[in-house]
Amino acid sequence: MKRKQIYIFIFSLFTINFIVGQEIENKKSDSTIVKKKLINIDKLSIGIDLYNPIYSSINDDDLSYELITSLRILEDFSIASEIGSLDRYIEDENINFTSTGEYIKFGFDYNLFNNWVGMDNSIYLGMRFATSSFNNKIDSYTLRNPDSYWSNNVTSDYETINHSDQNANWIELLVGIKVETIKNIYLGINLRLNRLLSNTSPNNFNNLYIPGFNKVTDDNSWGSGFNYTLTYSLPLKFNKKTSIK
Amino acid sequence: MCIRSYKFFLLFFLITSCEKDDICLEGSANTNRITIGFINSENQDTTGISLKNIKGLNKDSIIHTNISAAKLKLPLNISSNTTDYILNFNQIDDTLSIRYRAIHEYLNRGCGFISNFIIDKSSENLNNLEGWIKEVSIAKDSIFNEEKTNLYIHF
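Not measured: the values here are computed from a predicted model.

Caption draft 1: Quick peek at the overall build of chain B. Each helix and strand in chain B was counted, giving one helix and 11 strands. Put simply, chain B runs from its N terminus to its C terminus through helices and strands in the order α-β-β-β-β-β-β-β-β-β-β-β. When burial is assessed residue by residue, chain B has 23% of its 155 residues classed as buried. Sequence separation of 24 or more characterises 51% of the internal contacts of chain B that already satisfy a separation of 6 or more.

Put into structure tokens, the structure is as follows:
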């Protein structure tokens, strides 16, 4: 108890705002439980996306994966990032192509869910800045031609080109839930709304798909995505937990 | 607080479900056929012609049969640089061989690619000596529309 108040005192030296907030907090709640600190790095989560590896192995593409990490720095606030690699054969209306590339997303999650004591689930909003470096290789296409006397399928030469060294940047807004299913292991889903900021346009083609961003539609810079996540969370402060109990 | 996330869900589905379908609009550019005219070699005038049938070399299906026209529009093979036609005129077969370069141009997701052609001037005629085609001349070597006559057959 005394020790915590010392902590509070130390933190109060850093910010004046915090002193005010802390005092109000103490007056409101039971004074025996003091939770809030300015920065409280107490949990590191690492995980994977479940959808992409399954999708890629079903469709005989190279393994696609996404690694998820997040570090909780405030009670409701975590910095988060995803790093992924993707290989996908896409059969579009006229053009079949393979999109391969790597992407990195960096941002934060903000938890809206008030847990009961001992629970650690979350409904969160988040934002990411993302960048991807990728190739789009055209495998085959059907040429637009009103006359089909000769075949209009092109499977080699002409525009069956690998458009390499493409780049795109975008921001994502996301909403998700995360549920602790086994101790320290969480399952979750999140939905993402993407807004394209920049995208290179290859010669005589468009990037119809961007790894991480997903489908790009003509004349539209919005996209969407989702993740099924499996994360393991590593508590970083063991002492604190036991002292609360 | 949770109400805010519901609103986000709503917005998400609203925007993603209203995603525009990528349809190729009617009137978009298209792959054009080659336009062939005919010149009577006796008086050097462009004339109409009646052909019994027209088909591609080594193909069973016929493109046109019993056609009488001043201009003939024939499809080129988009994934080759030669297209050979067998033209039957007065029961005589002759081969018209067109050499060209196919340039595939990307339009958009809905339409995909179309093809434009540049006719190769160096090799304009390959006909057997017995045939009815005396000469082939190129009037316009690029095929970006079907309005102009690209090639004349002298007979």
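More follows now that the structure is in view.
Caption draft 2: How the structure looks around the overall build of chain A. A tally of helices and strands in chain A yields four helices and 11 strands. Looking at chain A residue by residue over its 245 residues, the buried ones come to 26%. Sequence separation of 24 or more characterises 60% of the internal contacts of chain A that already satisfy a separation of 6 or more.

Caption draft 3: A look at the interface of chain B and chain A. In this assembly, 34 residues from chain B lie in contact with 33 residues from chain A. Among the elements of the structure, α1 (2-17), β7 (92-108) and β8 (112-119) of chain B are those that each provide at least two residues to the side of chain B that touches chain A. For the side of chain B that touches chain A, the residue count by class is 15 nonpolar, 12 polar and seven charged.

Caption draft 4: Up close: the environment of Leu 96 of chain B. Along the chain, Leu 96 of chain B falls in strand β7. Taking the C-alpha atoms as reference points, Leu 96 of chain B and Asn 81 of chain B, separated by 15 residues in sequence, lie 14 Å from one another.

Caption draft 5: Region of the structure containing the sheet that holds strand β3 (residues 49-56) of chain B. All names here are of chain B. Reading across from one edge, β4-β3-β6-β7-β8-β10 is the order of the six strands in this open sheet, with antiparallel pairing throughout. Of all strands in the sheet, those bounded by a partner on one side alone are β4 (62-69) and β10 (142-143). Across two bridges, the pairing between β8 and β10 is antiparallel. Counted as the bridge partner of Phe 117 is Ile 143 from β10.

Caption draft 6: Inspection of unusual backbone geometry at higher detail. Residues and elements named next belong to chain A. With a phi close to 60°, Asp 60 is a non-glycine residue in the positive phi region. By secondary structure assignment, the location of Asp 60 is in the loop between α3 (51-58) and β2 (65-72). Even without being a glycine, Tyr 158 presents a positive backbone phi close to 45°. Its location among the elements puts Tyr 158 in the loop between β6 (153-154) and β7 (162-182). Judged by the 17 C-beta atoms lying within 10 Å of it, Tyr 158 falls in the partly exposed class.

Caption draft 7: Seen up close, the environment of Phe 106 of chain A. Residues and elements named next belong to chain A. Relative to the assigned elements, Phe 106 resides in strand β4 (residues 95-111). A C-alpha to C-alpha distance of 7.8 Å links Phe 106 and Ile 79, two positions 27 residues apart in sequence. The residues contacting Phe 106, other than those within four sequence positions of it, are Ser 81, Arg 128 and Phe 129.

Caption draft 8: Here's a closer look at the confidence of the model for chain A. For chain A, mean pLDDT is 82; residues scoring 70 or higher make up 81% of the total. Confidence over residues 15-25 of chain A falls short of pLDDT 50; this stretch has nine contacts with residues more than four positions distant or in other chains.

Caption draft 9: Summary view of the confidence of the model for chain B. Chain-level pLDDT for chain B is 79 on average; 81% of the residues reach the 70-or-more range. Predicted complex metrics record ipTM = 0.75 and pTM = 0.75.

So, how was this worked out
Residues numbered from 1 in each chain as written. Chains lettered and ligands numbered in written order. Predicted model: local features only at pLDDT ≥ 70, side-chain atom pairs only at ≥ 80, totals over all residues. Helix = DSSP H or I, 4+ residues; strand = E, 2+ residues; numbered from the N terminus. Buried ≥ 20, exposed ≤ 12 C-beta atoms within 10 Å, placed from the backbone. Contact = placed C-beta atoms within 7 Å. Nonpolar A, V, L, I, M, F, W, Y, C, P; charged D, E, K, R; others polar. Pairing = 2+ DSSP bridges. pLDDT = per-residue confidence, 0-100.

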